[in-house]
Amino acid sequence: MGIETTFRALADNGSTAAIQALVEALSEPYAEIQDAAVALLLSREVRRGLAQVIERFHTFDTKTQARVEKEIGLLMPILREALGAGPGQSRINSLDIVARSREVAHLELAVNALRDASEAVREHATTILVGAAAQLARRTSRPAPDDAGGRDYFDASREKMAAVLADALATYATHGEKRILHALIELGIEGHSFIVNVLLGTNHAAREDFVAVLQNSSSIPAIDLLMQLALERNERAKRLGEDMLSSRRGLIFVRAVSDWLLSLDERELDARASRYARILWLPAVLEHIWELEPRHHSHILRFIEQSRMQPAEKAAGAAGLIGSPAPDVRVRVMRVLAQMGSVPPGEVVARALADPEETVVSAAVDLIVSMNLPDKARLLTPLLSSTFELVRRRVSLELSRDNFERYIHSFDKLDSRTRELAGKAIAKIDPEMAERLADELQSLDPERRVKALRIAETVSKEKELEPILIELLNDPSRKVRATVVRTIGLLGSLDAIRALIKALSDPDRRTRANTIEAFEDIGNPKLAAILMPFLADLDNRIRANAVKALWNLGHPEAKQVLDEMLVDSEELMRLSAVWTMGEIEYPGATQALEKVMAQDSSATVRQKAKDVLKKLAAEGARG
């Protein structure tokens, strides 16, 4: 008869002696005998037999222990009883059976065991609770696809585990197991509310030890808890978190904070950072920043960027990372400083400008330009000899832009010779001067448009600006139109001549007069016929300009018109005639002007004649 058959016969017998025989078989040194006896005792659910299975559990091999674990539901009443009044080994074994169960709810037995009179049992219960919590804490928020429990299961299990550990804190004054505190912290967000309740509650022993543990814990969950505490609505909890984040120092803490940042994906990091108006741990981190890896630098800087700190504080924090070995971090430091608008420390800018990476130097140049730093020229000038071509080009253009701005603002204060020399010097080193003038010609301020026209003529940029110049003949400003026709006259192109012909019909007299002068400047005798009608113009200035232009274009018949103007009844017409005599080589000009001085009824005309005579005399002396 085999062992199983014999044991089954004993179990079927059900007598006290038969059950006793099965119980005694549990002590046999043979695993097969033990396993067969355990199987039959479990199947018959005999209370005394089950108690013995628990008491000898530690002697079974893994196969038999697994058989027992599967029947934990059946064994729960016996396990409770064993933990309440059983021998020491039964209490230890009961805890082991509970520990091997996947059901967190069964761990309440371990919580009850924390009040056990035996230190060994209390120690074992603590170890089981901490171990179970650690297993759940190690689970990721995204379990593997083949994980039987799945994400929902483990999220729920962590919540239950946190509740179990919170129950264990109710008797903390009795057992004082700090490992329970650590375990609750390591569970992460699931344990957060329970911890806050303890920190705000009347469980003084647990509260004081929790504070001590948090002040020294450097795990990611511990750091996360401190960060969360600093955002609590409850002022006491918030102040507690802030105090600990402010006071902690040292490389261990700094590495812990950095690892916490790395544990967050970009979206979560940004969301977290946006809630902080103060980064209390930043001073500690910056003290040890160079002992961290570049990947840490990147996350720290991103947290600073996304925070709600004041611009000046953000800039100061970002500046502390300018020495990072990661070029992309150094570039971002420059960009953050530029965005914040606070003048950065001089040594930070100088360090970036001397950086071996072109991208960093370019970012520093962008910062200097965007903020228009007072010493911009001093900072940028040395970069004209930079080893980086793009930097040299960028700096050259920027300095040229500054020179152009200074030139355009001082243009009206310069004499004509200085205007020409300065303008041509700038044009020589500034390949974009035509583009800058084009921008000025489209300015909303007509005075700037006029000044740009004068500069374009001074530096000979008319050809490059021809389309814009022609378009300006439609400018709403009479002053702009009157100025641009002179500049267009320098072009000499067919389009320019067509535009000037159109300008002869401009409603503004000054524009028409200047247009006639533009035709004169072109110097093409074939265009003289266009000006003939203006010899009879009723406007004194227009008629005078037509006389001068036609005379210089080789049409002596203009002399007759000039003679008529000298005796015209209108004072302004006579004044313009006198002026014209000073502008052309008029035969007998001296005698004619002396006659005007002696006979003209207008003192103004007589004085003008006197002035022109002096001018002609001076020019003759020079000749």
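Refer to the preceding data block for the structure.
Bear in mind the structure is a predicted one, so any value in this text is a computation, not a measurement.

Caption draft 1: The nonpolar core, seen in detail. Among the nonpolar cores identified, the biggest contains 130 residues, and L129, M161, W281 and M334 are the most heavily contacted of them. The leading source of residues in this core is helix α24 (residues 358-371), at nine residues. For L129, the residues in contact, after removing those within four places along its chain, are L107, A110, V111, L114, M161, V164, L165 and I180. Judged by nonpolar contacts, the second largest core, of 68 residues, contains L453, W551, L575 and A577.

Caption draft 2: Representation of helix α29 (residues 446-458). Helix length check: α29, at 13 residues, gives a terminal C-alpha distance of 19 Å against a target of 18 Å (1.5 Å per residue), a fit within 8%. Among the residues of α29, R449, V450, K451, A452, L453, I455, A456 and T458 are the ones counted as buried. Buried residues belonging to α29 abut α26 (389-410), α27 (416-429), α28 (433-441), α30 (466-471) and α31 (478-489). The distance from a side-chain oxygen at the start of α29 to the backbone nitrogen of E447 is 3.0 Å, and the residue carrying that oxygen is D445. Positive phi appears at S460, one or two residues downstream of α29, with a value of about 60 degrees.

Caption draft 3: Region of interest: the side chain of K461. Here K461 is to be found in the loop between α29 and α30. With residues up to four places along the chain from it excluded, the contact list for K461 reads A427, M433, A434, L437 and A456.

Caption draft 4: Molecular detail of the pattern of salt bridges. Scanning the model with the defined rule gives 40 salt bridges in all. We note a salt bridge from E389 to R393, for which the minimum N-O separation is 2.9 Å. Of this pair, E389 and R393 are both found in helix α26, four residues apart, which corresponds to roughly one turn of the helix. Residue E389 is classed as partly exposed on the basis of its relative accessible area of 48%. Accessibility expressed as a relative area gives 47% for R393, which makes it partly exposed. A salt bridge links R481 to D506, with the shortest nitrogen-to-oxygen separation between them at 2.8 Å. On the criterion of sequence distance, the pair formed by R481 in helix α31 and D506 in the loop between α32 (494-503) and α33 (509-522) is long-range, its members being 25 residues apart. As far as the burial class goes, R481 and D506 line up, both buried. Through salt bridges with shared partners, a single ionic network connects D366, K376, R394, E398 and R401.

Caption draft 5: Representation of the environment of L214 in the model. For L214, the location among the structural elements is in helix α14 (residues 204-216). Spatially, the C-alpha atom of L214 lies 97 Å from that of K526, the residues being 312 residues apart in sequence. Once you skip the residues sitting within four places of it in the chain, L214 turns out to touch I185, L199, A222, L225, L226, L229, M244 and R248.

The rules we used
- Residues numbered from 1 in each chain as written.
- Predicted model: local features only at pLDDT ≥ 70, side-chain atom pairs only at ≥ 80, totals over all residues.
- Heavy atoms only, no water.
- Core = buried A, V, L, I, M, F, W, Y, C linked by side-chain atoms within 4.5 Å.
- Buried < 20%, exposed > 50% of the residue type's maximum accessible area, 1.4 Å probe, protein only.
- Helix = DSSP H or I, 4+ residues; strand = E, 2+ residues; numbered from the N terminus.
- Contact = heavy atoms within 4.5 Å.
- Expected span 1.5 Å × (residues − 1).
- Polar contact = N/O pair within 3.5 Å; in protein donor to acceptor, adjacent residues only side chain to side chain.
- Salt bridge = Lys/Arg side-chain N within 4 Å of Asp/Glu carboxyl O.

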